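# Structural overview
What follows is the residue order along each chain.
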Amino acid sequence: MGSTNTLLRRYLCKRLAEYYSQPADKVVGTGPRCIDFGSLFNEWHWKHKYKSVYKQQQGMWLTPVELFHPYYSNVFANFVRKSMTTIDEKRHGDGVFEIVELGGGRGTNANALLNHLSECHSDMYERLHRYTIFDTSPTLHELQRRVLIEGSKHADKVVLRNIDMMDVAEGNSKFLTHSDTPTIVFALELLDNLPHDKIGRCIETGKMLQAEVVPVFSTDFDPADHVNAKGSELDTSQPHAETFSPINDPLLLHILSLSPSLYTPLSSRGPRWVPTVALGILMKLFECRPNSSVAFADFDWLPGPDVDSLSITQKDSEVILPAAEQSVGDPLVTDMKGNDHLCYLTSPPNALCDILFPTDFGRMAAFAKLIQEQEISAMKQCDFLMKYGSDEVNKTKGWTGYSPMINDFGNCSVLTITPSK
């Protein structure tokens, strides 16, 4: 790696950290605490209601947790109950267990899930030893403290940790203690914001290459200010270009050694994005807690950049920035003004951008099977919601039977890892 080259996921980690350091309300919005879904007539009526709710909040996004509160979270509480029931049957006992949420948002899911457990499955609630939230964002971490520690009846069960997910994946931060305690792990719309790597193949030698970024030097730029490690001095305000070098990153090499066919790009299709941090977290999770059950929900597909907003951005830009090579699994890059950008490199320097990756749940499930022997599946989110919470889905249906909780968000899937029966 050159003296000013930075591994791509570290560059993306810094960009995303800057985005999530904004005030919490600017990142994750919140809707009415309970929408009267029964009063809605059909899909058109829901779309009209959604636009109204969206205009009334400040955040860039409204997640299913916020939109379908508390019903969406209640389904995941049912997942806890069903997973623990299977574990109890296998071990002929009913001991304590833990819940871990990776990326806790506004704390809404944790609060609603714990409410549902305490009200509907009180035996499970009493056995819950600890609910731990790991979150990278300092502002969301502080909001979670206010919601779950200062203003919640569940404060004695909740532990909050502000920690970088990339550090967890790379083994540079303490994650979970090693224990056989059954642990239920959630990640709801976290995968899309985890730093990824990009790998390609040399046309001449066929060898694998890792993507890196290098600053496009300007007259007032000092290379000494650019740190090629994870260092906080990495200057993302400078324009960068993408380059490729022989793979030498330990985490990336380890992932590819476990699954040489899953994420290896074909020469004919160009480079491929690899969810390095997500896969690293999975490996660390089962290393620390082999008796874990998992439900990771996120986007399985995202649209390309909006052509209209893209053209406006390019017209206003005085500098033509170098674009990254188009790749399998490219992210959607959106700034705080709602403008999309061609790629992660072409947004204006200093622009705070959300960088969202679609997740190939089939490949992630295949990878999970290489490291853990349990029931592992990838299903559409609507199927997950019906499997674990059909009663909750019914509470979101309008007059015609339309339920936005299962009929909207059609581009979402869930990875589940549950105890074998």
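Each chain has its residues counted from 1, following the order in which its sequence is written. In view of the model being predicted, local features appear only for residues whose pLDDT reaches at least 70, and side-chain atom pairs are presented and counted only at 80 or more, with totals across whole chains, interfaces and linings using the full set of residues. The side-chain numbers reported here are obtained from all heavy atoms of the structure, hydrogens and water having been left aside.

Strands are runs of DSSP state E lasting at least 2 residues, helices are runs of H or I lasting at least 4, and numbering of each runs from the N terminus. A count of helical and extended segments in the protein chain gives 15 helices and 15 strands. Over its C-alpha trace the protein chain gives a radius of gyration of 22 Å, about what one expects of a compact globule, namely 22 Å for 421 residues. With respect to the three principal axes, the spread of C-alpha positions in the protein chain is 65 × 45 × 40 Å. Each of the 421 residues in the protein chain was classed as buried or not, and the buried ones make up 56%. The globule rule used for comparison is 2.2 Å times the number of residues to the exponent 0.38, while the radius of gyration itself is calculated over C-alpha atoms. Throughout, exposure labels follow a simple rule: accessible area from a 1.4 Å probe, protein chains only, divided by the maximum for the residue type, with under 20% read as buried, over 50% as exposed, and the rest as partly exposed.

Turning next to the confidence of the model for the protein chain. For the protein chain, the average pLDDT comes to 90, and 91% of its residues sit at 70 or higher. The low-confidence segment residues 219–231, where pLDDT is below 50, has 26 contacts with residues more than four positions distant or belonging to other chains. Think of pLDDT as the predictor's per-residue confidence, scored from 0 to 100. Whether two residues touch is decided by their heavy atoms; if any such pair falls within 4.5 Å, the residues are in contact.

Okay, the sheet that holds strand E11 (residues 332–335) next. Pairing between sheet strands relies on hydrogen bonds along the backbone, with the strands arranged either parallel or antiparallel. Pairing between strands is defined by DSSP: at least two bridges between them are needed. Taken in spatial order, the three strands make up an open sheet running E12-E11-E13, and their pairing is antiparallel. With one partner strand each, in any of the chains shown, strand E12 (340–341) and strand E13 (353–356) form the two edges of the open sheet. The pairing of E11 with E13 spans four bridges and is antiparallel. Note that in E13 the partner of leucine 332 across the bridge is leucine 356.

Our focus in this paragraph is the pattern of salt bridges. When their charged atoms lie close together, side chains carrying opposite charge are able to pair. The working definition used for a salt bridge is a side-chain nitrogen of Lys or Arg within 4 Å of a carboxyl oxygen of Asp or Glu. Counted according to the given criterion, the structure contains 19 salt bridges. A salt bridge links glutamate 142 to arginine 146; its shortest N-O distance comes to 3.8 Å. Highlighted residues: glutamate 142 and arginine 146, both in helix H8 (residues 138–150), separated by four residues, approximately one helical turn. Under the relative-accessibility criterion, glutamate 142 is labelled partly exposed at 30%. Under the relative-accessibility criterion, arginine 146 is labelled partly exposed at 42%. Of the charged contacts in the structure, one is a salt bridge between aspartate 300 and lysine 380, with a shortest N-O distance of 2.7 Å. A residue pair is termed long-range when its members are at least 10 positions apart, and aspartate 300 in the loop between strand E10 (292–299) and helix H12 (307–316) and lysine 380 in strand E14 (residues 375–380) qualify at 80 residues.

Tracing the chain through its elements places serine 245 in strand E8 (residues 240–246). Of the residues examined, serine 245 reaches a relative accessible area of 13% and is grouped as buried.

Before going further, it helps to spend a moment on the pairing of strand E3 (residues 128–135). Of all eight residues in E3, six are buried, a share of seventy percent or more. Across six bridges, strand E2 (residues 97–102) lies against E3 in parallel orientation. If you follow isoleucine 99 over to E3, its bridge partner there is tyrosine 131. Two elements, E3 and strand E4 (residues 158–162), share five bridges in a ladder whose sense is parallel. Opposite isoleucine 133, over in E4, you have leucine 160 as the bridge partner.

The next subject is a positive patch on the surface. Within the patch definition used here, like charges are joined within 9 Å and nonpolar side chains (Val, Leu, Ile, Met, Phe, Trp, Tyr) within 5 Å, considering only residues with over 30% relative accessible area and no salt bridge. Surface accessibility follows the Shrake-Rupley procedure with a 1.4 Å probe radius. Residue values consider only the protein chains on display as shielding. Within this scheme the basic residues Lys and Arg register as positive and the acidic residues Asp and Glu register as negative, but His and the chain ends are omitted. By convention, the charge on Lys lies at NZ, on Arg at CZ, on Asp at CG and on Glu at CD. Together, Arg81, Lys82, Lys387 and Lys421 give the surface a local cluster of positive charge. By the element assignment, arginine 81 lies in helix H5 (residues 71–91).

We now examine the packing of helix H11 (residues 276–288) against helix H13 (residues 361–371). Interaxial angles span 0 to 180 degrees and are taken between N-to-C directions of axes, which are lines fitted to C-alpha atoms, for helices over the stretch in contact. H13 packs onto H11 with a crossing angle of 30 degrees between their chain directions and a minimal axis gap of 11 Å. Classified by the angle between their axes, H11 and H13 sit roughly parallel to one another. Once H11 is placed against H13, the crossing between them reads as right-handed. Within the contact between the two elements, H11 uses Ala278, Leu279, Leu282, Met283 and Phe286 and H13 uses Met364, Phe367 and Ile371. Ten residue types, Ala, Val, Leu, Ile, Met, Phe, Trp, Tyr, Cys and Pro, are classed as nonpolar, four, Asp, Glu, Lys and Arg, as charged, and the remainder, Gly among them, as polar. Looking at side-chain class alone, the contact of H11 with H13 contains eight nonpolar, no polar and no charged residues. Oblique is the label for any angle not covered by the other classes, which are roughly parallel (under 35 degrees), roughly antiparallel (over 145) and roughly perpendicular (65 to 115). Crossing handedness follows the turn of the near helix against the far one: under a right angle anticlockwise gives a left-handed crossing, and clockwise gives a right-handed one.

We call Phe, Tyr and Trp rings a pair once their centres come within 6.5 Å, taking the six-membered ring for Trp, and we label the pair stacked below 30 degrees between planes, edge-to-face above 60, and tilted otherwise. Per the counting criterion, the structure on display carries 20 aromatic pairs. When the centroid spacing of 5.0 Å and the interplanar angle of 85 degrees are considered together, the rings of tyrosine 19 and tyrosine 20 count as edge-to-face. In this pair, the class of tyrosine 19 matches that of tyrosine 20, namely buried. Here phenylalanine 79 and tyrosine 388 contribute two aromatic rings whose centre-to-centre distance is 5.1 Å and whose plane-to-plane angle is 70 degrees, an arrangement assigned as edge-to-face. Residue phenylalanine 79 is found in helix H5, and its partner tyrosine 388 is found in helix H14 (residues 381–394); the two are separated by 309 residues along the sequence. According to the relative accessible area criterion, phenylalanine 79 is buried, its value standing at 0%. Overall, tyrosine 388 belongs to the buried group, its relative accessible area being 9%. Placement of a positive charge over a ring is assigned whenever Lys NZ or Arg CZ falls within 6 Å of the ring centre and within 35 degrees of the normal to the ring plane. Directly above the ring of tyrosine 125 sits lysine 157, whose terminal nitrogen or CZ lies 4.9 Å from the centroid.

If you trace the backbone, lysine 198 turns up in strand E6 (residues 197–201). Taking C-alpha positions, lysine 198 is 36 Å from lysine 51, a pair spaced 147 residues apart along the chain. In protein, a polar contact requires one atom able to donate a hydrogen and another able to accept it; more generally it is a pair of N or O atoms within 3.5 Å, and residues adjacent in sequence count only if both atoms are side-chain atoms. Within polar-contact distance, the side chain of lysine 198 engages the side chain of serine 327 at 3.2 Å.

Once that is clear, we can look at the nonpolar core. Side-chain atoms within 4.5 Å are what join buried Ala, Val, Leu, Ile, Met, Phe, Trp, Tyr and Cys residues into a set we call a nonpolar core. Tyr72, Phe76, Ile99, Phe186 and Phe384 are the most contacted members of the largest nonpolar core, which totals 51 residues. Counting residues per element, this core draws most heavily on H5, at nine residues. Filtering out sequence-adjacent residues up to four positions away, phenylalanine 384 remains in contact with Val75, Phe76, Phe79, Ala295, Met379, Val414 and Thr416.

With that out of the way, let us pick up helix H6 (residues 108–120). In this model H6 runs 18 Å from its N-terminal to its C-terminal C-alpha over 13 residues, within 8% of the 18 Å that 1.5 Å per residue would give. Among the residues of H6, those classed as buried are Thr108, Asn109, Ala110, Ala112, Leu113, Leu114, His116 and Leu117. By definition here, a helix of n residues has an expected span of 1.5 Å times n minus one.

The omega angle of the peptide bond from histidine 69 to proline 70 is 0 degrees, so this bond is cis rather than trans. In the Ramachandran plot, glutamate 189 falls in the positive-phi region, its phi being about 55 degrees despite a non-glycine side chain. Looking at where glutamate 189 falls in the secondary structure, it is placed in the loop between strand E5 (183–188) and E6. Although it is not a glycine, phenylalanine 409 sits at a positive phi angle of roughly 55 degrees.

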